[in-house]
There are 2 protein chains.
Amino acid sequence: MYSKELLKGTLTAIILKLLAENEKMYGYEISLHVRELTGGKIHLKDGSLYPALQKMTADGLLSFKEEYIGKRIRKYYYLTKKGQKEKIAYLEELKDFMITLNKIVFPQIKTA
Amino acid sequence: MYSKELLKGTLTAIILKLLAENEKMYGYEISLHVRELTGGKIHLKDGSLYPALQKMTADGLLSFKEEYIGKRIRKYYYLTKKGQKEKIAYLEELKDFMITLNKIVFPQIKTA
DNA sequence: TAAATATACATAGAATTATGATGTATAAAA
DNA sequence: TTTTATACATCATAATTCTATGTATATTTA
């Protein structure tokens, strides 16, 4: 696990990216996906993920529809039009930042 | 300029890296250096930099000695033994995190 | 020479956001 | 039947950067 501060500012980008690829996902699914994709290195906590999804929904980036699996509720989130647009800007910014940071901290590594 | 949150968790690593390369630097010099290295894209604010330097000093990563340029004070910071050791861990973690993040968000980019 | 800008430090309060702790409840597996 | 996994949620806390503000000296420019 990484020092928590590193994740800051990247969680939104991660969620946007996953939803851009998968069309609709529920919270727990996102959590499992991230854990899998990173070999357990990034483990989104409930207390981080659910508030983030709610905030992004409030900001108009996401929307959701509820489905019932038996008696259990599941909220499938998906990108809104706005979310699709802003995804591009978010990821661009993150990419640019990572390239810039690389220049300072790991000048020997070349990022395409 | 990047959305402020992105920088979180990276500032310490940036300072450690610069001081590892330059032996001793004062705050304003670090600020100018970062601005130059990033083409103005990362602009450390006074309110971020000076408290960070103080915290790192309190944590035993840095030490400083004051010099007077005319009447003006200058605090030259340098890495302590502890700072030299922890620099390695910090940068390793950051590097690992960036590679991991890349896998999720930019799977097409290969980081060495 | 006066004004503006750059240098150089600093702190306090605000804002952001991930986490830890805690809670509810159902389904599946041991 | 007890434990573990699934699935949601909230609140208080911690951590950290930024904004705003302040002090003061040195240099450049009008």
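Because the structure is a prediction, the values reported are computed rather than measured.

**Q** I keep staring at helix α1 (residues 11-22) of chain B and nothing clicks. Help me out?
**A** An α-helical turn contains 3.6 residues, so any two residues separated by three or four positions project in the same direction. Along its 12 residues, α1 of chain B runs 16 Å from first to last C-alpha, staying within 8% of the 16 Å computed at 1.5 Å per residue. The first or second residue beyond α1 of chain B is Glu23 of chain B, which carries a positive phi of 70°.

**Q** Sorry if this is basic, but what is going on with the pairing of strand β2 (residues 62-69) of chain B here?
**A** Consecutive side chains of a regular strand alternate in pointing toward one face of the sheet and then the other. In this structure, β2 of chain B lies alongside strand β3 (residues 72-79) of chain B, joined through eight bridges in antiparallel fashion. When the bridges of β3 of chain B are listed, Glu67 of chain B appears paired with Arg74 of chain B.

**Q** Explain the nonpolar core to me, please; I cannot follow it from the model alone.
**A** Soluble globular proteins tend to bury their nonpolar side chains together. One finds Ile15 and Leu62 of chain A together with Ile15 and Leu62 of chain B to be the most contacted residues of the largest nonpolar core, which totals 60 residues. Non-local contacts of Ile15 of chain B, meaning those with residues more than four positions away in its chain, are made with Leu49, Ala52, Leu53, Met56 and Leu62 of chain B.

**Q** What exactly am I supposed to notice about the interface of chain A and chain B here?
**A** When the parts of a complex come together, some accessible area is lost, and that lost area is often used as the size of the interface. Taken together, the contact between chain A and chain B spans 35 residues of the former and 35 residues of the latter. Summed over both sides, the interface of chain A with chain B buries roughly 3,500 Å², with 74% coming from carbon and sulfur. Connecting chain A to chain B are two salt bridges. Note that Lys41 of chain B and Asp96 of chain A form a salt bridge whose closest N and O atoms lie 3.2 Å from each other.

**Q** How should I be thinking about the protein's contact with DNA strand D in this particular structure?
**A** In the neighbourhood of DNA strand D, 26 residues make up the surrounding shell, with Tyr28, Arg74 and Lys75 of chain A together with Ser48 and Arg72 of chain B lying closest. Take Gln54 of chain A: an N or O atom from its side chain is 2.8 Å from a phosphate oxygen of DNA strand D. When contributions to the surface near DNA strand D are tallied by element, the ones reaching two or more residues are α2 (27-37), α3 (46-58) and β3 (72-79) of chain A together with α3 (46-58) of chain B. Element by element, the count of residues in the surface near DNA strand D is highest for α3 of chain A, at five residues.

Cut-offs and rules
- Residues numbered from 1 in each chain as written.
- Chains lettered and ligands numbered in written order.
- Predicted model: local features only at pLDDT ≥ 70, side-chain atom pairs only at ≥ 80, totals over all residues.
- Heavy atoms only, no water.
- Helix = DSSP H or I, 4+ residues; strand = E, 2+ residues; numbered from the N terminus.
- Expected span 1.5 Å × (residues − 1).
- Pairing = 2+ DSSP bridges.
- Core = buried A, V, L, I, M, F, W, Y, C linked by side-chain atoms within 4.5 Å.
- Buried < 20%, exposed > 50% of the residue type's maximum accessible area, 1.4 Å probe, protein only.
- Contact = heavy atoms within 4.5 Å.
- Buried area = accessible area lost by both parts, 1.4 Å probe.
- Salt bridge = Lys/Arg side-chain N within 4 Å of Asp/Glu carboxyl O.
- Near = heavy atom within 4 Å.
- Polar contact = N/O pair within 3.5 Å; in protein donor to acceptor, adjacent residues only side chain to side chain.

All we've got here are geometric facts, nothing functional implied.
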